[in-house]
Amino acid sequence: MLPFALAAALAVPSRGAGPDQRALETALRQAVAASCPSLSFAVDPDLTRAARAFVAAAQAGRAPIAGAALGFYAALESYEPSPVSGIATISPPSRADRAVGDLFGRECRFNRAGVAAAVLGEEAVVALVTAAHSTDLSPIPGRVEPGAAVEVDATLGPGLSAPRLFVQAPDASTDEPKVSVEGRRLRARVVLAARGEYTLELLATGAGGPEVVANRRVFVGIAPPASPPADTPRESGVSAVEHAIGKLRAAHRLPALQRDPALDRVAEGHSREMARTRTFAHILPSDGSMSDRLRKAGYAYRSAGENIGLSIDPLSAHEAIASSPAHLKNLLDPQHRRIGLGIARGTSPDGSEGVYLTEVLAAPIEQSLDPDGEVARLLQQKRRSAGLRPLSRDARLDAIASREVRALASEGELSRDLQRSVIEEALRSLPRLRGAIAEAYVGSGASATGSSPNAVSPAWTRVGIGAVYATSETYGAGRLWVLLVYAR
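As the structure is a computational prediction, the values presented were derived from the model and not from experiment.

1. Brief notes about the packing of aromatic side chains
Okay, so step 1: Under the criterion given, the structure shown has four aromatic pairs.
Okay, so step 2: With a centroid separation of 4.9 Å and 85° between ring planes, the pair formed by phenylalanine 72 and tyrosine 73 is classed as edge-to-face.
Okay, so step 3: The exposure class assigned to tyrosine 73 is buried, which follows from its relative accessible area of 4%.
Okay, so step 4: Pairing tyrosine 475 with tryptophan 481 gives two aromatic rings, centres 5.4 Å apart and planes at 90°, and the pair type is edge-to-face.
Okay, so step 5: Using a relative accessible area of 28% as the deciding quantity, one classes tyrosine 475 as partly exposed.
Okay, so step 6: Judged by relative accessible area, which is 1%, tryptophan 481 ranks as buried.
Okay, so step 7: Counting every residue linked through ring pairs, the aromatic cluster contains Phe41, Phe104 and Phe110.
Okay, so step 8: Above the ring of phenylalanine 104, the side-chain terminus of arginine 106 is found at 4.3 Å from the ring centroid.
Okay, so step 9: Over the ring of tyrosine 301 we find arginine 479; its NZ or CZ atom is 5.0 Å from the centre of that ring.

Here is the structure:
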């Protein structure tokens with residue numbers, strides 16, 4: 001989510017004059033023109049402010065000379081969701097503009113940039129932040145007072161659609177407020193009531209599935225941090241990610257997620273494909289969507305979600321995920337019970353080396369030993385709630401429903417023709433019946449029949465129930481197929 005690239009250019013130390021901002025930007029334009037002749041880019045004021053804040057902090061000793069520190073200031077000053085950082089030190093400082101050309105990826109996958117430099121003793125530190133800008137967001141102040149309302153007005157870039165807005169409050173709760181959408185434009189008014197830090201995040205759907213297109217941090221009644229957090233000893237690998245997720249859920253009084261080897265394989269496979277194709281996306285031509293991957297693995301689930309991250313190591317990739325309100329909501333979804341984690345090292349879309357991380361969260365389907373009985377109990381409960389007499393279970397209707405639901409499941413599709421033939425057979429087999437109707441459902445359990453309109457109709461007095469777990473290409477693995485035959 002926040003990939004960082006670190007570059008270094010060194011020369012013989014000697015004293016010299018400080019770098020000039022205009023010379024830096026001119027050097028950047030010349031270097032881009034030489035290396036990326038077909039690229040059109042703009043010097044962005046927000047990214048420039050981020051670069052200048054970083055070099056000033058480094059000069060004052062408030063920030064280390066590291067890509068993560070530059071990314072910290074980029075996240076404060078800009079709404080670009082995935083800025084890429086490049087840093088160089090060079091001596092004498094008067095040659096700072098010569099380092100600029102080494103700091104951007106030769107993949108040329110950016111269209112906004114900001115650059116700055118500052119003198120550190122006998123050398124200069126040069127910072128460049130680039131971004132693949134896709135969405136125009138009207139300015140949102142980074143600091144307001146409690147109770148303030150901010151106007152969100154965004155226009156998506158070409159190829160993006162279905163915008164959604166997520167707002168994360170200081171207590172880490174996430175809300176999806178109502179928005180007005182006209183074509184590729186989204187507008188909303190968000191009231192920031194409490195003191196603390198809010199994050200406003202805009203998601204949209206592109207060719208690779210859902211993606212974060214804008215991310216704005218707003219500090220309400222408090223000052224933004226002046227320095228990045230101090231470095232602390234860090235775990236490494238997937239175990240660090242698992243530990244961080246466990247800590248996060250425990251802090252919100254949620255049960256721990258159980259590692260699931262089947263989900264691990266799905267997550268690792270997607271990370272490998274992203275690394276192989278150098279594509280950071282939920283949907284790839286080679287392995288499809290998350291649902292496609294779970295279906296191919298034969299994984300039966302009630303609910304599932306997926307997070308992906310890309311950074312210098314697995315934990316940094318996860319931290320970028322957790323800083324996104326929409327992705328954090330996924331991590332804190334109380335429905336989820338299992339998790340799969342997978343990483344792969346490779347080249348990022350911008351040409352730097354990094355780690356692709358996939359987190360797959362799910363609630364598996366737990367098959368009942370008595371699905372017919374569970375469906376019957378649910379139907380009778382609905383009848384009681386509606387003040388109706390219970391339905392009588394009819395053994396002959398049960399037999400028809402049981403036989404025909406297996407036929408439906410073997411076909412892999414819900415067939416209206418088959419449902420009509422069930423009604424005809426019921427009326428032919430039980431001549432005393434004055435009417436019958438059939439309904440078919442596929443879901444993760446007996447609750448799939450909860451929307452049955454005939455369950456609360458006083459017109460019906462009898463019911464036959466057939467239920468079987470089956471896998472199909474259309475509905476996925478281990479789903480419960482139910483056929484209800486109501487009669488009177």
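2. Brief notes about the state of the cysteines
Okay, so step 1: Considering all chains together, one arrives at one disulfide under this definition.
Okay, so step 2: Across a sulfur-sulfur distance of 1.9 Å, cysteine 36 and cysteine 108 are joined as a disulfide pair. Here cysteine 36 and cysteine 108 share a disulfide; its torsion about the S-S bond, -75°, makes the bridge left-handed. Of this pair, cysteine 36 sits in the loop between α1 (21–35) and β1 (42–43) while cysteine 108 sits in the loop between β2 (84–90) and β3 (112–120); the two residues are 72 residues apart in sequence, bridging distant segments of the chain. The two residues cysteine 36 and cysteine 108 agree in class, both being buried.

3. With respect to the packing of helix α4 (residues 237–251) against helix α7 (residues 314–322)
Okay, so step 1: Contact geometry of α4 with α7 gives a least axis separation of 8 Å together with a crossing angle of 30°. In terms of axis orientation, α4 runs roughly parallel to α7. The two elements α4 and α7 meet at a crossing, and its hand is right-handed. Within the contact between the two elements, α4 uses Gly237, Ala240, Val241, Ala244 and Ile245 and α7 uses Pro314, Leu315 and His318.

4. Describing empty space enclosed by the protein
Okay, so step 1: A full pass over the atoms with the stated rule returns one cavity of 30 Å³ or more.
Okay, so step 2: Size it by volume and the largest cavity reaches roughly 60 Å³.
Okay, so step 3: Along the walls of the largest cavity sit Leu137, Ile140, Val152, Leu165, Leu200, Glu201, Leu202, Ala214, Asn215 and Arg216, which together make up its complete lining.
Okay, so step 4: Of all the secondary structure elements, the ones that give two or more residues to the lining of the largest cavity are β12 (196–206) and β13 (209–220).

5. Here we look at the nonpolar core
Okay, so step 1: Ranked by internal contacts, the top residues of the largest apolar core, which has 24 residues, are Val152, Leu192 and Leu200.
Okay, so step 2: Listing elements by their share of this core, those giving two or more residues are β7 (148–155), β8 (161–168), β11 (185–192), β12 and β13.
Okay, so step 3: Those residues in contact with leucine 200 that lie beyond four places of it in its chain are Ile140, Val150, Val152, Phe166, Val167, Leu192, Ala214, Asn215, Arg216 and Val218.

6. Here we look at the sheet that holds strand β16 (residues 338–347)
Okay, so step 1: Strand order in this open sheet of four strands is β14-β16-β17-β15, and the pairing throughout is mixed. This sheet does not close on itself; its edge strands, each paired only once, are β14 (258–259) and β15 (301–311).
Okay, so step 2: Relative to strand β17 (residues 353–364), β16 runs antiparallel, the two being bridged by ten bridges. By the bridge assignment for β17, isoleucine 343 is matched with leucine 357.
Okay, so step 3: Of the strands in this sheet, β14, β16 and β17 touch α4, which is tilted by about 140° from β16.
Okay, so step 4: Running at roughly 60° to β17, α7 makes contact with β15, β16 and β17 of the sheet.

Quick notes on the rules
Residues numbered from 1 in each chain as written. Predicted model: local features only at pLDDT ≥ 70, side-chain atom pairs only at ≥ 80, totals over all residues. Heavy atoms only, no water. Phe/Tyr/Trp six-rings, centres within 6.5 Å; stacked < 30°, edge-to-face > 60°. Buried < 20%, exposed > 50% of the residue type's maximum accessible area, 1.4 Å probe, protein only. Lys NZ or Arg CZ within 6 Å of the ring centre and 35° of its normal. Disulfide = S-S within 2.5 Å. Helix = DSSP H or I, 4+ residues; strand = E, 2+ residues; numbered from the N terminus. Axes fitted to C-alpha atoms, helices over the stretch in contact; angles between N-to-C directions. Parallel < 35°, antiparallel > 145°, perpendicular 65-115°, else oblique. Left-handed = near helix turned anticlockwise from the far one by under 90°. Contact = heavy atoms within 4.5 Å. 1 Å grid on protein atoms, 1.4 Å probe; cavity = no way out; pocket = protein on both sides within 12 Å on 5 of 7 lines; lining within 4 Å. Points joined across faces, edges and corners; volume = space filled by probe spheres on them. Core = buried A, V, L, I, M, F, W, Y, C linked by side-chain atoms within 4.5 Å. Pairing = 2+ DSSP bridges.

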